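Close look at the chain arrangement
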Amino acid sequence: MKNYKYILLSAVAALSITATAQDFDNDPTLKIDNKEQQVKFTVGARFMADAALYHTDFTPLQSGATISDARIRTSMSYGENWYFYADFGFGNGKFSQKNIFLQYAKKDANDATHAIKVGYYNDPAGSMARQTSLGSYHFISRAGMVNSLGEGRELGITYKYSAPHLFLYQGVFTESAYNKVEAGFNGLTVSGRWAYRDVNANNNEVLQAGINARFAHLGGGETVTTKGSTVLKKTLSLGQSLETFVDDDEQFVSCQLPWANNVIDLGAEALIMQKNFFVRAEYKHKIVTKKRDSYKIFIASQDNIDGWGDIALWENANRLKTNNFDGAYVELGYKIFGNDYTYNRHEGVMNGLNGKALEVVARFNYTGLNDLTKGEYFSAGRNQYYAAGYMEDWPGTGATSVGGGDVYSTTVGLNYSFNKYAQVMLNYTWHRLDKDFLRYDKNIHAVQARVQFTF
């Protein structure tokens with residue numbers, strides 16, 4: 001009990017000595033407006049610093065502090081329709097490219113906006129949470145399942161239809177923004193997010209329900225050469241941190257899926273927002289199909305003392321299985337005082353706090369990266385599953401289980417916004433973990449504080 005009191009008191013102290021910050025989507029400090037040329041140029045920035053204390057059952061997490069995000073953003077608009085945006089990150093001591101895109105948008109006579117967008121930005125089907133800027137989020141981290149099962153930024157082109165009651169957003173993307181694949185080709189993705197909504201005139205009362213879907217054909221991988229035979233091996237990695245940036249270790253909830261071929265994502269979302277209260281929730285289901293040139297690998301395996309003799313025996317010892325994973329979260333928030341919550345019609349998401357405000361929030365998240373086959377045995381010493389139900393020393397195990405880990409995360413938080421530029425946040429999260437490889441890790445506790453500001 002003393003440990004938990006120490007964690008809580010330390011986090012409160014961290015809040016009291018840190019500075020301030022707020023919504024990255026607010027107007028930037030510097031504006032250059034050339035009305036004669038119909039050009040407006042802006043420059044802004046964002047900074048986030050986190051402190052965290054962890055308590056685990058067995059495998060340690062490293063408590064401490066970090067600059068979780070630091071960005072410089074620029075934008076330029078021409079006339080009423082053209083808009084260019086680019087922002088670049090410096091968090092964790094590394095330079096990284098964030099969003100960069102060009103958009104043409106125009107309203108029609110029915111108050112609906114049609115927008116064509118091309119560049120590098122978030123996949124529409126990534127989730128409602130992914131479409132919300134982290135600077136506008138009401139928790140220190142997005143829900144874990146969003147990071148493990150939802151897609152982030154990709155290079156592509158989209159069409160968005162944003163009307164008073166309909167939101168339709170779809171596009172085509174490539175697998176790698178710079179075509180940096182070791183072998184194969186840059187894969188292809190088709191995705192979309194579609195919602196029906198009822199929004200009042202002041203954008204402070206919303207009822208929204210939607211679905212999203214994504215199909216990705218993976219193209220890039222590595223070449224595997226054995227005894228003169230060469231095959232393309234594509235691998236998909238899924239994982240998340242424990243909803244923290246201070247120690248973003250993904251070993252607790254992660255998996256590698258060799259021979260991945262196609263990925264199908266299906267999701268649903270809901271948002272209820274009032275002036276001082278909100279509830280939002282999402283569900284995602286991911287299907288990963290597998291494919292390989294079994295015959296080539298089988299032939300290559302014959303040139304040794306353990307040759308199989310029959311391809312059916314080899315395939316039975318090296319089976320492929322289509323994997324299925326699920327995740328969901330529900331978030332609630334209540335604003336004790338401050339300006340009304342507001343809604344962004346163009347993006348179909350809720351905005352962050354704006355002006356002096358205090359709110360309490362709560363979230364429950366489930367991420368399921370366990371896809372276990374009944375009857376298989378797991379050896380923690382070898383970190384391997386066996387189809388026979390016991391450990392055996394024989395080439396190939398025939399096992400198809402994936403033990404990426406299931407985690408149930410409960411978070412409560414308190415956010416205080418000094419003004420539209422400065423905010424502090426405090427979160428406590430309890431994770432309940434179920435992972436065969438980390439069988440001594442069941443309960444993980446985290447208290448986190450954040451200071452963020454724009455300038």
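Keep in mind that what you see is a predicted model, and the values were worked out from it rather than measured.

A few points about the overall build of the chain
Broken down by element type, the chain carries 5 helices and 26 strands. Taking 455 residues into account, the globule formula puts the C-alpha radius of gyration at 23 Å, and the chain, at 24 Å, falls close to it. On the principal axes, the C-alpha backbone points of the chain span a range of 80 × 60 × 40 Å. A buried classification covers 49% of the 455 residues belonging to the chain. A separation threshold of at least 6 residues defines the contact pool for the chain, and within that pool the share at least 24 residues apart is 66%. With the model as given, the accessible surface of the chain reaches about 21,100 Å², and the carbon-plus-sulfur share is 57%.

Examining helix α4 (residues 294–301)
Of all the positions in α4, only S294, F298, A300 and S301 are classed as buried. All buried residues of α4 project into a common sector of 165 degrees when viewed along the axis, lining one side.

Describing the confidence of the model for the chain
Detailed reading of the predicted model is not advised wherever pLDDT is low. In the predicted model, the chain carries a mean pLDDT of 89, and 91% of its residues have values of at least 70. Contacts from residues 1–25, a stretch scored under 50 in pLDDT, to residues over four places away or in other chains number 71 contacts.

A few points about the nonpolar core
Burial of nonpolar side chains together is a common tendency in soluble globular proteins. By size, the foremost hydrophobic cluster in this structure holds 25 residues, and its most contacted members are L236, F252, L257 and F325. Taken together, the elements giving at least two residues each to this core come down to β2 (39–56), β14 (235–240), β15 (253–258), β16 (260–273), β24 (402–417) and β26 (443–454). At 3 residues, β15 tops the list of elements feeding residues into this core. Not counting residues within four places of it along the chain, the set of residues in contact with F252 comprises T59, L61, L242, G404, G405, L433, K435, L438, D441 and I444. Core analysis: the second largest hydrophobic core is formed by 22 residues, M48, M128, A143 and V206 among them.

Side note on the layout of surface pockets
Its volume calculated, the second largest pocket comes out at about 880 Å³. In terms of lining residues, the second largest pocket is bounded by 37 residues, among which Q256, P258, A399, S401 and V402 are the most central. If you list the elements that add at least two residues to the lining of the second largest pocket, you get β14, β15, α5 (311–317), β23 (384–386) and β24. The biggest single contributor to the lining of the second largest pocket is β15, with 5 residues. Partitioned by chemical class, the residues of the lining of the second largest pocket number 15 nonpolar, 15 polar and 7 charged.

Conventions adopted
Residues numbered from 1 in each chain as written. Predicted model: local features only at pLDDT ≥ 70, side-chain atom pairs only at ≥ 80, totals over all residues. Heavy atoms only, no water. Helix = DSSP H or I, 4+ residues; strand = E, 2+ residues; numbered from the N terminus. Rg over C-alpha atoms; globule rule 2.2 N^0.38 Å. Buried < 20%, exposed > 50% of the residue type's maximum accessible area, 1.4 Å probe, protein only. Contact = heavy atoms within 4.5 Å. Areas by Shrake-Rupley, 256 points an atom, 1.4 Å probe, with all protein chains shown as cover. Arc of directions from axis to C-beta. pLDDT = per-residue confidence, 0-100. Core = buried A, V, L, I, M, F, W, Y, C linked by side-chain atoms within 4.5 Å. 1 Å grid on protein atoms, 1.4 Å probe; cavity = no way out; pocket = protein on both sides within 12 Å on 5 of 7 lines; lining within 4 Å. Points joined across faces, edges and corners; volume = space filled by probe spheres on them. Nonpolar A, V, L, I, M, F, W, Y, C, P; charged D, E, K, R; others polar.

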